[in-house]
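Tertiary structure, described
Now for the letters of each chain:
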Amino acid sequence: MIIVYCEKGVGWSPISYMVKLAAKLLEADLIILEHEPLTLINKVINSILKRQRNKEGEKLLLICPSPADLSLVFQIENYRKRFDYIAAWVIDSFWVDRIPKTVKLSGVFDHIFITSKEDIGEWVREVGTPTTWLPWASDVLGLGGMGVKQDWDLGRVGRQPREWDDDKEIKKLCDKRHITFSGRPSFINDASANQKFMMEVYQQTKFILAFSNLSNPTNYTHPSRAYLTARWVDALACGCVVAGISPQEESVEELLWKGATLEFETINVHEGLDQVSKALAQWTPEIASYNYKKSLKILDWRWRFMEIARVLEVRPKRLLLEIEQLNFKIG
């Protein structure tokens, strides 16, 4: 089995880390490619010449940050005759309008995995390929778990609404309420090191701020679709409660449980901090332990890898062993 991935910036370190974990547990060779625009003649060739399945060939999983990266498949040597099965896993799959026309015409994929359940029907119509929901997750078994101490009451990681973006101002307001606040942590360029560091930050924190992209729109988030990102799943994997405004999507509700989030009614800072203050008065280590155990059951990447293995009809020993370890921890 082969996994192909296109490395993105440091903001994609949770996925870059996951890709390496997938390669290890699925016992696959990992190939990193850079996205190269197709020439006009290559677009025509790839649209017209169809793939010939090789029953004796390898199985390929292409992991794509965006639908536009599906065209990476055309950069793989002899992709038309080399593989028995070709699947793709698209992370930001809600950008359905960014599926390359070449991919739609080529019929190159046997299966598509997407993180946005609500888009399954549209993906099937656009690509004509069986499509499965495979949502965001975290390395709960490997990097998750509660810290020895939760030194911070409230932490901030990544993008926040303008009202919450000034760490110095938020700290002043927290100090007035006797809330210990940890501002934005620095990034580490190496994806694996950065992911481990971020998980350590979560393990030291009781509540982590996170707001749906619709509550905090930018020029690079989807304007009408709400979705989970790494902050929610990684924080929960370390026992945190996520404080803010969660994406209001049916599929998100399937991934989160009662007590996983502290929902704000608005993005007003004073109202939100008052809610955090009240929640802190009722916080116990048992809350963190509960979130961690629920994450083991629902949010571990290994469950996603098992679905991939089922579809591709492979049974990697490493993955099966760690599924046993997961089940043992769950009890």
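This write-up is about the structure you can find in this document. Keep in mind that what you see is a predicted model, and the values were worked out from it rather than measured.

**What about the pairing of strand E10 (residues 241-245)?**
In terms of residue burial, E10 counts as a mostly covered element, since five of its five residues are buried. As judged from the five bridges shared by strand E9 (residues 205-211) and E10, these two strands associate in the parallel manner. Bridge pairing in E10 places isoleucine 208 opposite valine 242. Here three bridges tie E10 to strand E11 (residues 261-263), and the two strands are oriented parallel to one another. Across the sheet, the residue bridging to valine 242 is threonine 261, located in E11. For the crossover that starts at E10, traverses helix H10 (residues 250-255) and ends in the parallel E11, the hand is right-handed.

**Some thoughts on the pattern of salt bridges**
Counted according to the given criterion, the structure contains 19 salt bridges. Across the pair arginine 302 and aspartate 139 runs a salt bridge, and its minimum N-O distance is 2.8 Å. With arginine 302 in helix H13 (residues 301-312) and aspartate 139 in the loop between strand E6 (131-133) and helix H6 (140-143), this pair connects stretches of sequence that are 163 residues apart. The buried category is assigned to arginine 302, whose relative accessible area is 2%. With its nearest N and O atoms 3.8 Å apart, the salt bridge here joins aspartate 151 to lysine 149. Residue lysine 149 is classed as exposed on the basis of its relative accessible area of 55%.

**Notes on the side chain of serine 106**
Position of serine 106 among the secondary structure elements: in helix H4 (residues 101-106). Polar contacts involving the side chain of serine 106 include one to the main-chain carbonyl oxygen of valine 103, which spans 3.2 Å.

**Observations regarding helix H1 (residues 13-25)**
Along an α-helix, residues three or four positions apart point the same way, because every turn accommodates 3.6 residues. With 13 residues, H1 ought to run about 18 Å at 1.5 Å a step, and its terminal C-alpha atoms sit 18 Å apart, in line with that. The buried fraction of H1 is high, at 11 of 13 residues. Looking only at H1, the buried set comprises Ser13, Pro14, Ile15, Ser16, Tyr17, Met18, Val19, Leu21, Ala22, Ala23 and Leu25. In the segment just after H1, glutamate 27 is the residue with positive phi, at about 55°.

**Some thoughts on the packing of aromatic side chains**
Taken as a whole, this structure holds eight aromatic pairs when the rule is applied. Geometrically, the ring pair formed by phenylalanine 94 and tryptophan 95 is tilted, given 5.8 Å between the ring centres and 55° between the ring planes. The burial state of phenylalanine 94 is the same as that of tryptophan 95; both residues are buried. With a centroid separation of 6.3 Å and an interplanar angle of 40°, the aromatic rings of tryptophan 136 and tryptophan 301 are classed as tilted. Separated by 165 residues along the polypeptide, tryptophan 136 in the loop between E6 and H6 and tryptophan 301 in helix H13 bring together distant segments of the chain. In textbook terms, an aromatic cluster arises when at least three aromatic residues are bridged by ring pairs, as seen for Trp89, Trp136, Trp301 and Phe305. Between the NZ or CZ atom of arginine 98 and the centre of the ring of tryptophan 95, over which it lies, the distance is 3.6 Å.

What counts and what doesn't
Residues numbered from 1 in each chain as written. Predicted model: local features only at pLDDT ≥ 70, side-chain atom pairs only at ≥ 80, totals over all residues. Heavy atoms only, no water. Buried < 20%, exposed > 50% of the residue type's maximum accessible area, 1.4 Å probe, protein only. Helix = DSSP H or I, 4+ residues; strand = E, 2+ residues; numbered from the N terminus. Pairing = 2+ DSSP bridges. Right-handed = clockwise from strand over helix to strand, strands pointing away. Salt bridge = Lys/Arg side-chain N within 4 Å of Asp/Glu carboxyl O. Polar contact = N/O pair within 3.5 Å; in protein donor to acceptor, adjacent residues only side chain to side chain. Expected span 1.5 Å × (residues − 1). Phe/Tyr/Trp six-rings, centres within 6.5 Å; stacked < 30°, edge-to-face > 60°. Lys NZ or Arg CZ within 6 Å of the ring centre and 35° of its normal.

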